[in-house]
Amino acid sequence: MMLLKKIPFFLFLLPVFFCLHGGLENFGVIYLSEVLLIGLYISVALLLLFLLLFWITKDKKNAALTSFYAGWVYLFFGALQDWLKDIAPLSFLNRYSVLLPLLFVSILCLLYLLKRKKIFAQRLFLYMNILLIVYCTVDAVLLIRMSFSNNKDRISQVPFDHNKISSKPNVYYLLFDGYPGYASLRDSFGFRNDSLYNFLQGRGFTILPSFSNYNFTVQSMSSIFNMQFVSENYSHGKEPGNQEDIRKRFNEIKNAAVFSIYRNMGYELKNYSVFDIGKQGSINPDISFLPVHSKALTGKMLHKRIARHMGWRFQGTLLQNIFSFKEPLFQADATNREIMNRLKQGLETKTGKPLFCYAHFIMPHVPYFRDSTGVLINQPGQQAHDINDPRYFLPYLIYTNSVISSLVDNIAVKDPGAMVIVMSDHGFRKEYKTAFASAAFNNICAIRSLGNNLLPSQGPISGVNFFRYLFNKAYGQDIPYLKDSIVYVIEDQAVLR
């Protein structure tokens, strides 16, 4: 007990608790190496802050308690902001102009209180030591129990008869996130996307009548790659896309049935996507649009939250080169360009095995980084524009069309016998002018090199039935189709804020 009154264990346990709790909440979508590295950074920062305050106050206990509180504010700022936003009488406090000054003043008040009330400081010191030890112990036990339990999300397999396969063409599955179908672009934006459709048809593509079953990426991609709907509670309508749901969907995609089938057919898999596929990591583990990998821990830290909400204001200024602002602003754009480069480089490499290549582009999905010619919207020295503004969507879509055209032509030259699929996971889901809810499910789907009888006989192809259709048409299977439905997923804003 005497040690608990003298040594600030709570200060060293704060990063431990932060990482344990984050690892527990995000089990399966974050690597141990990421957790340890983040914990190391936090520990070093807290130690430096403690030394600075100790040098100023000459009081070890006060410096430790104040460092702990400042660290807690920084690490759990997003959680605090989300909690305030969900409480109506206190929602005004979550504004940066109110909350940041209030928190800063509270740190100064704590310093003053600790200096004037010695007994309070001693009791608080002991209390925080006990509290953090209990919290860390509970989370450690829960994490160990979860590690030893069967955490692999179970996916029922679709029967596949390998004896019916007559050919194994290379397959390039090009997924463009949030790309709307022709009807919703015409009806919601007054834009006729004839140039892309004419280009694809001129290159031998068949435009399939299609729609997405979900308006949210992780549900849509899980259902596409597993050829079945996600957990049954979605069949009843609106369900929140919370953190636990996203964790399950990521693991379902990682262990998806489609990839297992292609592996069993002897295909080499190339993963140029934002998801982990089997033992292949994503193209960029830190992609910022979903809370996985290191972002699952860091996404609600103070600097990350500010950068996400207000970072665009710093574009075109010297501050845009500061890591904390530059990373979330340009990460998705850099990832898209990395996928393009990897895909084009991969066309130069032949292994002798049939190839299934999955490339997932975060475009024309928000943020809308570039104009119709591919030039970044915000340039140094120019007025900064909000790249999340729907007004920039159509120019970004036109730029996306040029990317599709370039990739299709590259594949046609380097791998002329390949099957190429251009598809989107969902449509446009923001409220804008005449955009309607059904626009979120109107997607694009075009395919080349399937031979005759391309069009499905049972009607439009939904995401959940797409690979059932593909395996039936291209690999001689007779897989039954599922009854179609659409599910409007309401994501938990606390996850994506």
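Because the structure is predicted, anything quoted here is derived from the model rather than measured. (Residues numbered from 1 in each chain as written. Predicted model: local features only at pLDDT ≥ 70, side-chain atom pairs only at ≥ 80, totals over all residues. Heavy atoms only, no water.)

Participant: Let's hear about the overall build of the protein: which residues, and what values?
Facilitator: Check the secondary structure of the protein and you find 18 helices and 10 strands. For the protein, the proportion of its 497 residues judged to be buried stands at 54%. Of the contacts formed within the protein by residues at least 6 apart in sequence, a portion of 75% connects residues at least 24 apart. (Helix = DSSP H or I, 4+ residues; strand = E, 2+ residues; numbered from the N terminus. Buried < 20%, exposed > 50% of the residue type's maximum accessible area, 1.4 Å probe, protein only. Contact = heavy atoms within 4.5 Å.)

Participant: Describe in detail helix α10 (residues 217–226), supporting the description with residues and values.
Facilitator: Buried residues dominate α10, accounting for 10 of its 10 residues. Looking at α10, one finds that the buried residues are Thr217, Val218, Gln219, Ser220, Met221, Ser222, Ser223, Ile224, Phe225 and Asn226. Where α10 ends, the next residue or the one after it, Met227, has phi of about 55°, a positive value.

Participant: Describe the packing of aromatic side chains, and please don't skip the residues or the numbers.
Facilitator: All told, the structure shown has 40 aromatic pairs when counted by the stated rule. When the ring of Tyr69 is compared with that of Trp72, the centres are 6.2 Å apart and the planes differ by 15°; the resulting orientation is stacked. Of the two residues, Tyr69 and Trp72 both sit in helix α4 (residues 60–75), 3 residues apart, roughly one turn of that helix. Looking at Trp72, the relative accessible area reads 33%, which means it is partly exposed. Arranged with centres 4.8 Å apart and planes meeting at 10°, the rings of Phe176 and Phe361 form a pair that is stacked. Here Phe176 is found in strand β1 (residues 171–176), whereas its partner Phe361 is found in strand β6 (residues 355–361), with 185 residues between them in sequence. Sitting over the face of the ring of Phe125, Lys61 holds its NZ or CZ atom 5.4 Å from the ring centroid. (Phe/Tyr/Trp six-rings, centres within 6.5 Å; stacked < 30°, edge-to-face > 60°. Lys NZ or Arg CZ within 6 Å of the ring centre and 35° of its normal.)

Participant: An account of the pairing of strand β7 (residues 419–423) is needed here, citing residue identities and associated values.
Facilitator: Counting buried residues in β7 gives 5 out of 5 residues, a clear majority hidden from the surface. Here β7 shows a buried face lined by Met419, Ile421 and Met423 and a second buried face lined by Val420 and Val422. Pairing geometry for β1 and β7, over 5 bridges, is parallel. What sits directly across from Leu175, in β7, is Met423. Pairing analysis gives 4 bridges linking β7 to strand β8 (residues 445–448), with the strands arranged antiparallel. When the bridges of β8 are listed, Ile421 appears paired with Ile447. (Pairing = 2+ DSSP bridges.)

Participant: Give a description of the pairing of β8 that names residues and reports values.
Facilitator: A two-sided burial pattern is seen for β8, the buried positions comprising Cys445 and Ile447 on one face and Ala446 and Arg448 on the other. Relative to β8, strand β2 (residues 205–207) is paired through 3 bridges, and the arrangement is antiparallel. Among the inter-strand pairings, Phe205 is bridged to a residue of β8, identified as Arg448.

Participant: Any details on the environment of Asp161? Residues and values, ideally.
Facilitator: Within the secondary structure, Asp161 is located in the loop between α7 (118–148) and β1. Taking relative accessible area as the criterion, Asp161 reaches 31% and is therefore assigned partly exposed. A polar side-chain atom of Asp161 sits 3.0 Å from the main-chain amide nitrogen of Asn163. (Polar contact = N/O pair within 3.5 Å; in protein donor to acceptor, adjacent residues only side chain to side chain.)

Participant: So what's going on with the sheet that holds β6? Residues and values would help.
Facilitator: Read from one edge to the other, the open sheet built from 6 strands follows the order β2-β8-β7-β1-β6-β5, with strand pairing classed as mixed. Unpaired on one side and paired on the other, β2 and β5 (268–272) mark the two borders of the sheet. For this sheet, the mean angle separating the axes of adjacent strands, direction not counted, is 15°. When β5 meets β6, the two strands line up parallel, connected through 5 bridges. Looking at the pairing, Lys270 lines up with Cys357 of β6. Along the sheet, helix α9 (residues 194–202) makes contact with β2 and β8, crossing β2 at roughly 135°. Packed on one face of the sheet, helix α16 (residues 393–414) meets β1, β2, β6, β7 and β8 and runs near 175° to β1. (Axes fitted to C-alpha atoms, helices over the stretch in contact; angles between N-to-C directions.)

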